[in-house]
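Structure assessment
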Amino acid sequence: MLRIPFRAYAAPLNALGLIIAIFGMLMLFPLLVSQYLEDAASRAFDLAFLVTFFSGVALFALTYRYRRDLRVLDGFFLVATAWLILPVFGALPLLVHLPALGFIEAYFEAASGLTATGATVLTGIDNLPVSINLWRTFLHWIGGMGIIVLVVAILPLLGIGGRQLFKAEIPTPMKESSLTPRITETAKGLWGTYILLTLGCGLALWLAGLGGWDALIMTFSVMGLGGFSNHDKSMAWYDNTAAELVVIVFALASALNFATHYLAFSRRSFAPYRRDPEIPFFFGVLAASVILLMAYLIYSGIDAGFFSILRRVGFHVVSMSTSLGLTTADFTQWPMFAQLWLLFLGSFMACSGSAGGGIKMMRAIILYKQVRREIIRALHPHAVRPVRLSGQPVGEGVLHAVLGFSFMYMISIAALTLLLSATGLELVTAFSAVVTCLNNTGPGLGAVGPASTFQSLNNFQTAVLAFTMILGRLEIFTLLVVFTPAFWRR
């Protein structure tokens, strides 16, 4: 019989209590906005703040006597439980302000916010109070940087290649492999870079013609690569070419490695960008995709004018590739090849150490080079050809970790698609919903396309996809390890 002693997990629970309390304090931001605007959501944030903050304080106090340094298994437990539990508290303002919303739907919405996915079950978003829409996209902003903090500070414990890739390609101070003061300083530098880019994005959107609150809300969405909007029509509501260009620029910036930004800013040099091995592949695939889809749409007889097609294709290629998920048109009206290509781009384009989802460009590059090496080995069995990045050989341990992650990524898509199909969900909708949620992209195809929401799904399907979003944001292994019986045998 499996026994789970409380004391064994009291230390990570103590840290979790602190995280919940801090998360509650973040609710003061939309609460103050609501009170300033008198937008009728103050009560929702009042109650949500009190419940969240004091729940965290209570858990912290109850476990304080068991505080100690966290071990490897504690890291797994803390990360998994934090990402599973925080959406419960994040959903409270929605549940209070929208009493018709069920708990699973509210949890899905909050999980979509924190994981920076952008899939929504809400309609009539234009009529929601400003503070509610601000909270939804503020969750993106928190979650967007949160994944980077996990990569820098937690994923060394996983041994799945995420941290190893980061450590192999990023110069110091990114080479530490444990939770140390040096890592803390690194996280502060990344947060500073993130805030600086956020301020730039907000100012640029405001100068492009968006109102103050619209610019702030969309800034959080863009920088977190989330995809929530304060309008049902997403970016199409503005019909603003300048704003779309701003979104493209800052979505691209947020999809690049924030460590590269940090090094470039701190050294006042473009050299870190030139040395980043992901950047040539990233922009190369982007440019090829824009050209390919434009040619295909023109060949398919879509007669919207060259610049109109360029505007729409360019925006959606960037938005879906970076896992942002904002839209200016219903791309499910395009031929199926174009739809699937956009869905495919969201699976791997975002760079390691970015706010984006998917398997990351670094892993895709390594897989590509490993395939090339195996082809050459088949032709020349005695050839010695190591996989290299930036001229440095990639260790066999990293290769195995990347292959293992990629296998689990494909297995997750297949298993979850079959599960949703078993509930009666149409195949294209089921497959695209799983892919877009696992990649934290947002809009899918079929019944969950950009012109609709996830509201048509039943509670079980919604719960499965909420789990899928968290699974993707934690890069699969973190969550799966905690669910194995062996993890609980101490």
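All of the points below concern the structure found in this document. Fair warning: this is a prediction, and the values are worked out from it, not measured in the lab.

**Topic: helix H4 (residues 72-90)**
- Its 19 residues place the ends of H4 27 Å apart at the C-alpha level, agreeing with the 27 Å of an ideal helix rising 1.5 Å per residue.
- Along its length, H4 reaches its greatest deviation from straightness, about 25°, at Ala82.
- Of all the 19 residues making up H4, 14 are buried; the element is thus mostly covered by neighbouring parts of the structure.

**Notes on the pattern of salt bridges**
- Enumeration according to the criterion identifies seven salt bridges in this entry.
- The partner of Glu244 in a salt bridge is Arg311, with the nearest N and O atoms 2.7 Å apart. On the criterion of sequence distance, the pair formed by Glu244 in helix H11 (residues 241-255) and Arg311 in helix H15 (residues 306-321) is long-range, its members being 67 residues apart.
- Measuring nitrogen to oxygen at the nearest pair gives 3.2 Å for the salt bridge that ties Lys360 to Glu475. Of this pair, Lys360 sits in the loop between helix H16 (336-345) and helix H17 (361-379) while Glu475 sits in the loop between helix H20 (459-473) and helix H21 (477-482), and the two are 115 residues apart along the sequence.
- The network of salt bridges with common partners includes Asp239, Glu244 and Arg311.

**Details of the nonpolar core**
- Within the largest apolar cluster, 140 residues are counted, with the highest numbers of intra-cluster contacts made by Leu205, Phe282, Val313, Phe454 and Leu465.
- With nine residues, the top contributor of residues to this core is H4.
- Apart from the residues lying within four places of it in its own chain, the contact partners of Leu465 are Phe108, Leu420, Ala433, Val434, Cys437, Phe454 and Leu457.

**Details of the environment of Phe265**
- If you trace the backbone, Phe265 turns up in helix H12 (residues 258-267).
- Its relative accessible area of 35% is what places Phe265 among the partly exposed residues.
- Between the C-alpha atom of Phe265 and that of Gly189, which follows or precedes it by 76 residues, the distance is 10.0 Å.
- Apart from residues lying up to four places away in sequence, Phe265 is in contact with Thr193, Leu196, Leu197 and Tyr273.

**Some remarks on the packing of aromatic side chains**
- Summed over the entire model, instances satisfying the criterion amount to 26 aromatic pairs.
- For the pair Phe103 and Tyr107, a centre-to-centre distance of 6.1 Å together with 40° between the ring planes defines the contact as tilted. Of this pair, Phe103 and Tyr107 both sit in helix H6 (residues 103-114), four residues apart, which is roughly one turn of the helix.
- In this structure Tyr107 comes out as buried when scored by relative accessible area, which is 14%.

**Re the side chain of Thr219**
- Mapping Thr219 onto the fold places it in helix H10 (residues 212-223).
- Among the polar contacts made by the side chain of Thr219, one reaches the main-chain amide nitrogen of Gly202 at a distance of 3.3 Å.
- When neighbours within four sequence positions are excluded, Thr219 is seen to be in contact with Thr198, Cys201, Gly202 and Leu205.

**A closer look at the packing of helix H2 (residues 28-37) against H10**
- Contact geometry for H2 and H10: axes closest at 14 Å, N-to-C directions at 165°. Classified by the angle their axes make, H2 and H10 are roughly antiparallel. Considering the relative orientation of H2 and H10, their crossing is left-handed. Across from Phe29, Val33, Tyr36 and Leu37 in H2, the residues of H10 making contact are Trp213, Leu216 and Phe220.
- Its residues placed into classes, the contact of H2 with H10 shows seven nonpolar, no polar and no charged.

**Overview of the side chain of Ser319**
- Along the chain, Ser319 falls in helix H15.
- Taking the relative accessible area as the measure of exposure, Ser319 reaches 1% and is therefore buried.
- From its side chain, Ser319 meets the backbone oxygen of Leu326 in a polar contact 2.6 Å long.

Calculation notes
Residues numbered from 1 in each chain as written. Predicted model: local features only at pLDDT ≥ 70, side-chain atom pairs only at ≥ 80, totals over all residues. Heavy atoms only, no water. Helix = DSSP H or I, 4+ residues; strand = E, 2+ residues; numbered from the N terminus. Expected span 1.5 Å × (residues − 1). Bend = angle between axes of the 7 residues up to and from the residue. Buried < 20%, exposed > 50% of the residue type's maximum accessible area, 1.4 Å probe, protein only. Salt bridge = Lys/Arg side-chain N within 4 Å of Asp/Glu carboxyl O. Core = buried A, V, L, I, M, F, W, Y, C linked by side-chain atoms within 4.5 Å. Contact = heavy atoms within 4.5 Å. Phe/Tyr/Trp six-rings, centres within 6.5 Å; stacked < 30°, edge-to-face > 60°. Polar contact = N/O pair within 3.5 Å; in protein donor to acceptor, adjacent residues only side chain to side chain. Axes fitted to C-alpha atoms, helices over the stretch in contact; angles between N-to-C directions. Parallel < 35°, antiparallel > 145°, perpendicular 65-115°, else oblique. Left-handed = near helix turned anticlockwise from the far one by under 90°. Nonpolar A, V, L, I, M, F, W, Y, C, P; charged D, E, K, R; others polar.

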